[in-house]
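Structural overview
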There are 2 protein chains.
Amino acid sequence: MAIAKAPDKRTYQSTELRQSATIEAVVQLCAEQDPATLTTARIAEEVGLSQGALFKHFPNKNRLWESVAGWVSEQLTSQVFREADRHEHADQALEAMFFAHVRFIARHPGIPRLMLGELQKPGNGPAKTIVRQTLARYRKKVVGLLQLGIDQGRIAAGIDTEAAAVLYLGAIQGLVVQGMVSGEIASLEQTAPRIFKLYSASFQEMTNDPEK
Amino acid sequence: MAIAKAPDKRTYQSTELRQSATIEAVVQLCAEQDPATLTTARIAEEVGLSQGALFKHFPNKNRLWESVAGWVSEQLTSQVFREADRHEHADQALEAMFFAHVRFIARHPGIPRLMLGELQKPGNGPAKTIVRQTLARYRKKVVGLLQLGIDQGRIAAGIDTEAAAVLYLGAIQGLVVQGMVSGEIASLEQTAPRIFKLYSASFQEMTNDPEK
DNA sequence: CAGAATAAAGCAATTGATTACTTTCTTTCA
DNA sequence: TGAAAGAAAGTAATCAATTGCTTTATTCTG
């Protein structure tokens, strides 16, 4: 008495649609699985395709990873930078950027795994290059904002901006790793303000600010 | 005209010796290769054994990873904590601990890959549990030192010690990731002081310290 | 606008390579 | 001499990629 599977009239899609659906499926799957153990069969299942059909839309697995890295880079920078650019004061922009980044990760828990996973592999594959460039661009953005803050007189003048940018990214990574250790990615957004408050103290003017 | 391999008089070793040699080989190999792609054949080659002979000393690959995680945990905590305990003032202990950690990583570049790789995989395998507990213990140590520093009057009293501990680990991770991005693990020790100086500013007393 | 022709998208099955682990037999050495 | 340690070959499973063929969609033509 085999239960007949739904006839499931097979419907064809353009490669363009399949590609984006596949990329999002990978990002989704990385939230619950180590990227290194992700098989084409598992991805195909998530998209609703046979394993072999995946190769009608991507020439090979590496190119798929490349596309995923590109998608992540695009989404991260556009969402985070846009939030920063909405503020005139550099210190406020940095804060907004910090929270936007945390929010982005909380919504896509697989992304740290993805990026760290790429950085893990040595060599200079295309996907790794994309991640590397994204992080470099991000760091430059932070350095620029810090410098702007100094010019605006809202950030201590003597600050080591390069180091502050590394610490900025480290603060986020610390949050992420703490989330991976505790397993609670949801609590990220809750803890983030405490971390940023502390971080921002490291470059605040030492003057006793009368207001507040 | 096959060139005869060196006769290589085969010499037998105790499992105990082989185990530690294998563990160190894995740590060594992780410096140049993604742990997820490390095969038993590659490990055996590094140790100087046939692939099958490895299983005379470890029942399976998972147990090997477990042993590696244990070794890393033991080495890291013993070396880093020992350095911290040599100082009476908590702030100095934190600084020494920071540099000891960075030095440890610089000497074993594979270890961040190892620990991050373990944290990546979901579930609660034994190896991941060890890494998790190690990080948790580390965090507690930092919180304890921060609290001690407050009691000693060397650290601002109002500080959020939990957040400061997360930021402490984040500072190290920021350094590590920056090293993975730039590919220069050697420059870690050079950059570390700049990062720590900034980090420590976040919990320094705001009083204008006349000395120095 | 019907319908043939062509291209695109799909499945099921298979291939070849890789990998963790086993088995069989040999060598060492306490 | 017997147990531990090793090599070498083998095994079953897994996985990315391919192949052969079918089905759907699009384009061309009269």
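We now turn to the structure provided with this report. (Residues numbered from 1 in each chain as written. Chains lettered and ligands numbered in written order. Predicted model: local features only at pLDDT ≥ 70, side-chain atom pairs only at ≥ 80, totals over all residues. Heavy atoms only, no water.)

Comments concerning the protein's contact with DNA strand C
Contacts to DNA strand C come from 22 residues, most closely from A:Arg18, A:Ser50, A:His57, B:Gln51 and B:Lys61. A breakdown of the atoms of DNA strand C within 4 Å of the protein gives sugar and phosphate a share of 68%. Here a sugar or linking oxygen of DNA strand C sits 3.2 Å away from a polar atom, N or O, in the side chain of A:Arg10. Here a phosphate oxygen of DNA strand C sits 3.3 Å away from a polar atom, N or O, in the main chain of A:Gln13. Grouping the amino acids of the surface near DNA strand C by side-chain chemistry returns 6 nonpolar, 11 polar and 5 charged. (Near = heavy atom within 4 Å. Polar contact = N/O pair within 3.5 Å; in protein donor to acceptor, adjacent residues only side chain to side chain. Nonpolar A, V, L, I, M, F, W, Y, C, P; charged D, E, K, R; others polar.)

Description of the pattern of salt bridges
Taken as a whole, this structure holds 17 salt bridges over all chains when the rule is applied. Here A:Asp160 and B:Arg194 are joined by a salt bridge, their closest N and O atoms 2.7 Å apart. Of this pair, A:Asp160 sits in the loop between helix H6 (126–151) and helix H7 (161–182) while B:Arg194 sits in helix H8 (residues 188–201), which puts the two residues in different chains. On the basis of relative accessibility, which here comes to 25%, the residue A:Asp160 falls in the partly exposed class. Among the ionic pairs, B:Asp91 bridges to B:Arg154, the shortest N-O distance being 3.0 Å. Of this pair, B:Asp91 sits in helix H4 (residues 90–107) while B:Arg154 sits in the loop between helix H6 (126–151) and helix H7 (161–182); the two residues are 63 residues apart in sequence, bridging distant segments of the chain. One continuous salt-bridge network, built from bridges that share partners, spans B:Glu32, B:Arg42, B:Glu45 and B:Glu46. (Salt bridge = Lys/Arg side-chain N within 4 Å of Asp/Glu carboxyl O. Helix = DSSP H or I, 4+ residues; strand = E, 2+ residues; numbered from the N terminus. Buried < 20%, exposed > 50% of the residue type's maximum accessible area, 1.4 Å probe, protein only.)

Here's the deal with the protein's contact with DNA strand D
Taken together, the neighbourhood of DNA strand D is formed by 22 residues, with A:Gln51, A:Lys61, B:Arg18, B:Ser50 and B:His57 sitting nearest. Near-protein atoms of DNA strand D (within 4 Å) split between backbone and bases, with sugar and phosphate holding 69%. One of the side-chain nitrogen or oxygen atoms of A:Lys61 is found 2.6 Å away from a phosphate oxygen of DNA strand D. Note that a phosphate oxygen of DNA strand D is positioned 3.4 Å from one of the backbone N or O atoms of B:Gln13. Along the lines of polarity and charge, the residues of the surface near DNA strand D split into 6 nonpolar, 10 polar and 6 charged.

Let's talk about the environment of B:Gly149
Residue and element names in this part refer to chain B. Here Gly 149 shows up in helix H6. Look at Gly 149 and you get buried, because its relative accessible area is 0%. Note: C-alpha distance between Gly 149 and Leu 64 (85 residues apart in sequence) is 40 Å. If sequence neighbours within four positions are ignored, Gly 149 has contacts with Ala 90, Arg 154 and Ile 155. (Contact = heavy atoms within 4.5 Å.)

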